[in-house]
Amino acid sequence: MKVLHRQSGRTVIRFDIAEEFPKTLADWCRKERIGAAAIVAGIGMLRDVEIGRYDGMEYEIKTVEPSSEVLSLQGNVSMKEGEPFVHLHVSLADEDMDVMGGHLFKGTVSMTIELILLELDADFVRVPVEGTFWKLDTLD
Amino acid sequence: MKVLHRQSGRTVIRFDIAEEFPKTLADWCRKERIGAAAIVAGIGMLRDVEIGRYDGMEYEIKTVEPSSEVLSLQGNVSMKEGEPFVHLHVSLADEDMDVMGGHLFKGTVSMTIELILLELDADFVRVPVEGTFWKLDTLD
Amino acid sequence: MKVLHRQSGRTVIRFDIAEEFPKTLADWCRKERIGAAAIVAGIGMLRDVEIGRYDGMEYEIKTVEPSSEVLSLQGNVSMKEGEPFVHLHVSLADEDMDVMGGHLFKGTVSMTIELILLELDADFVRVPVEGTFWKLDTLD
C-alpha cells in the first residue's frame, strides 16, 4: 500500500497486488491511531472475496474466487474491543458484469484498490446491543 | 437516529431500527435548515424498500420486502417546493447477494443505516424543467 | 454541465442531457487544471454506456444501450500521459432494476448526472507498470 495523499482529513491510499483487504487498511489505522473515519469510495479488483449477508443474528458467507471488479466500497472505521474495525459494504461485478455484494469480510487485491477516506476528528466505537449486532456509536 | 459526528461540514448519522428512511433524514434536514448536502456513503439494512426506475416521464416502482443489505447510498439534499428533498440512489443485496437498485423512495431501517453527509454552504433547489423532471440547480 | 458548488475543495457538478460522460468531466478538469480529485458520488441516468471488465491484460467491453439508472459512481482523476484521466466504476440498474457494472468507458447523459468531487491539492499520475496496467501514483 502507498498513501498517495493525506491532507485536511482527506486520505487516498493505493493497495497493491496480493495485499489482504481490508486487513491491510485496519493495520494501517492501528499504526496511525485512527479512531474514526468514513470510507467514501474504493475501486479496483479483488479475488477470493468473502462477502456476507446478516440475517439478524449471524452472517451467511459466500466466497467469490475469481478476480472481480470492485464497483463501490462504502463504510467506516471505528474501535471495536480496542482494535480498529473496518465496516465495509462492497459491490462486485462478475465475469458477465452482473453485480453481487454484501458485507466485505476479506479479499485479496488482484490488481489495485484505490481508496478514499475521510479521517474524522472523533472516536467511534462499536457497542454490543442485542444478539450479535454491534452498533456504531461514540464514547460520550 | 443519532448524529455521531458533525464538524467542518462532515456529518455522520446513525439511523436505528424501525425508522423510516430517508424520511427521518429529510425531517432532520428541515429541523437543521440544511439547504444543500452531498450524501457520499450509507450502509446497513433496510426492509419494505420502494425503489424506482424513471422512464423519462414517471417512475416504475418495485417493493422489496425482505431485509436487504444496503451496499451503497449516493445522492444529495436540495430544496423542492420549500421542503428538503433527498435524492438518493441505492444498491441492495438480496438473500442470494445478487444486487438490485434504483431511486430510493422509502424503506424501514431493519438493523442500522450508517450515513455520511457533506453539508455544503449553499442552497440547492429542484427546478421543474420539462415533463416530470426536476433538475438540481442553484438559486442564482 | 453546470458547476453548482465549488468551495473548500468540494465540487458539485450537474451534467445535462446529451453530454458525453465522463468526457465532459475530463474536458472540464483539463480547463481547470485539476491534477487530482476523488469522485465520491454520482447519480442520474446514462444511455449507450460502455462498461468494461479487466482480465489482467485487456478490457472486455459491453454496451448497454437503454437509458439506465446510475446507482453509484466512484473513482478519481489523475494525469495520464499529460492529460486528465478519469478512472470511474459504475453500477447501473436495468429495466428490471437488476444491477450490472464495471469500468466506465463512456455514456451519454439521458436525464442528468449529479456528481460530487473532492478536489485534492495534489498531483496524481498514472504510471505504466507491467502489461497494460497503469497504477495510480504521485509524482514524487
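One can find the structure itself at the top, above this paragraph.
Residues numbered from 1 in each chain as written. Chains lettered and ligands numbered in written order. Predicted model: local features only at pLDDT ≥ 70, side-chain atom pairs only at ≥ 80, totals over all residues. Heavy atoms only, no water.

Draft legend 1. Expanded view of the relation of the copies chain C and chain B. Of the transformation superimposing chain C on chain B, the axial component is 0.0 Å and the angular component is 120 degrees, with the fit at an RMSD of 0.0 Å. Here the symmetry operator amounts to a three-fold rotation axis. A distinct binding surface is used by each copy, with only 19% of the interface residues of chain C retained as interface residues in chain B. (Least-squares fit on C-alpha atoms with pLDDT ≥ 70 in both. Contact = heavy atoms within 4.5 Å.)

Draft legend 2. Molecular detail of the pairing of strand E5 (residues 59-64) of chain B. All names here are of chain B. Across six bridges, the pairing between strand E4 (residues 37-54) and E5 is antiparallel. By the bridge assignment, Val49 is partnered in E5 with Val64. What sits between the antiparallel neighbours E4 and E5 is a turn of four residues, in which Gly56 has the positive phi angle 105 degrees. (Pairing = 2+ DSSP bridges. Helix = DSSP H or I, 4+ residues; strand = E, 2+ residues; numbered from the N terminus.)

Draft legend 3. View of the relation of the copies chain A and chain B. Turning chain A through 120 degrees and shifting it by 0.0 Å along the axis lays it on chain B, with an RMSD of 0.0 Å. When the interface residues of chain A are mapped onto chain B, a mere 15% of them again fall at the interface, so the copies present different faces.

Draft legend 4. Spotlight on the side chain of Thr11(A). Residue and element names in this part refer to chain A. Mapped onto the elements, Thr11 comes out in strand E2 (residues 10-16). The exposure class assigned to Thr11 is buried, which follows from its relative accessible area of 0%. Of the polar contacts made by the side chain of Thr11, one reaches the side chain of Glu119; its length is 2.6 Å. Every residue in contact with Thr11, bar those within four places of it in the chain, is listed here: Val3, His5, Arg6, Trp28, Leu115, Ile116, Leu117 and Glu119. (Buried < 20%, exposed > 50% of the residue type's maximum accessible area, 1.4 Å probe, protein only. Polar contact = N/O pair within 3.5 Å; in protein donor to acceptor, adjacent residues only side chain to side chain.)

Draft legend 5. Region of the structure containing helix H1 (residues 23-31) of chain C. Those residues of H1(C) not exposed but buried are Thr24(C), Leu25(C), Ala26(C), Trp28(C) and Cys29(C). Positive phi shows up at Arg33(C), right after H1(C), with a value of about 55 degrees.

Draft legend 6. Structural view of unusual backbone geometry. The omega torsion across Phe21(A) and Pro22(A) is 10 degrees, close enough to zero to call that bond cis. On the secondary structure map, Pro22(A) appears in the loop between strand E3 (20-21) and helix H1 (23-32). The backbone of Ser8(B) shows a phi angle near 55 degrees, a positive value even though the residue is not glycine.

Draft legend 7. Here's a closer look at the pattern of salt bridges. One pass over the full model with this rule turns up 33 salt bridges over all chains. Here Glu32(A) ties to Arg6(A) by a salt bridge, and the two come within 2.9 Å at their closest N and O atoms. In this pair, Glu32(A) is assigned in helix H1 and Arg6(A) in strand E1 (residues 2-7), connecting sequence segments 26 residues apart. Residue Glu32(A) is classed as partly exposed on the basis of its relative accessible area of 29%. Put simply, Asp27(C) and Lys23(C) hold a salt bridge, and the shortest N to O gap is 2.8 Å. Placement of the pair is Asp27(C) and Lys23(C) together in helix H1, with a separation of four residues, close to one helical turn. The partly exposed category is assigned to Asp27(C), whose relative accessible area is 31%. (Salt bridge = Lys/Arg side-chain N within 4 Å of Asp/Glu carboxyl O.)

Draft legend 8. Highlighting the nonpolar core. Judged by nonpolar contacts, the single largest core of 36 residues is most densely connected at Val40(A), Phe124(A), Val40(B), Phe124(B), Val40(C) and Phe124(C). Listing elements by their share of this core, those giving two or more residues are strand E4 (37-54) and strand E8 (99-119) of chain A, E4 and strand E8 (99-119) of chain B together with strand E4 (37-54) and strand E8 (99-119) of chain C. Sequence-distant contacts of Phe124(B), that is, excluding residues within four places in its chain, are made with Gly35(B), Ala36(B), Val77(B), Ser78(B), Met79(B), Leu136(B), Asp137(B), Thr138(B), Leu4(C), His5(C) and Val12(C). (Core = buried A, V, L, I, M, F, W, Y, C linked by side-chain atoms within 4.5 Å.)

Draft legend 9. Representation of the interface of chain C and chain B. Taken together, the 32 residues of chain C in the interface contact 41 residues of chain B. Of the roughly 2800 Å² buried at the junction of chain C and chain B (both faces included), carbon and sulfur atoms supply 58%. On inspection of chain C and its partner chain B, the count reaches three salt bridges. Arg14(C) serves as the salt-bridge partner of Asp137(B), at 3.6 Å between the closest nitrogen and oxygen. Of all the elements in the fold, those that place two or more residues in the side of chain C that touches chain B are strand E1 (2-7), strand E2 (10-16), E4, strand E6 (68-80) and E8 of chain C. Tallied by class, residues from the side of chain C that touches chain B come to 15 nonpolar, eight polar and nine charged. (Buried area = accessible area lost by both parts, 1.4 Å probe. Nonpolar A, V, L, I, M, F, W, Y, C, P; charged D, E, K, R; others polar.)

Draft legend 10. Structural view of the interface of chain A and chain B. Contact with chain A, which involves 41 residues of that partner, is made by 32 residues of chain B. Summing the contributions of chain A and of chain B, the shared interface buries around 2800 Å²; its carbon and sulfur component is 58%. Of all residues in chain A, Arg53(A), Gln74(A) and His89(A) give up the largest surface area on contact with chain B, accounting jointly for 25% of the area buried on that side. If you look at where chain A meets chain B, you find three salt bridges. The shortest N-O distance in the salt bridge between Asp137(A) and Lys2(B) comes to 2.5 Å. For the pair chain A and chain B, the number of links is 19 residue pairs in polar contact (both at pLDDT 80 or more).

Draft legend 11. Region of interest: the packing of aromatic side chains. Following the criterion strictly, the structure yields nine aromatic pairs over all chains and no others. On the numbers, 5.0 Å between centres and 90 degrees between planes, the contact of Tyr59(A) with Phe105(A) is edge-to-face. With a gap of 46 residues between them, Tyr59(A) in strand E5 (residues 59-64) and Phe105(A) in strand E8 connect regions that are remote in the sequence. Using a relative accessible area of 32% as the deciding quantity, one classes Tyr59(A) as partly exposed. On the basis of relative accessibility, which here comes to 30%, the residue Phe105(A) falls in the partly exposed class. Ring geometry for Tyr54(C) and Tyr59(C): centres 4.8 Å apart, planes at 50 degrees, overall tilted. (Phe/Tyr/Trp six-rings, centres within 6.5 Å; stacked < 30°, edge-to-face > 60°.)

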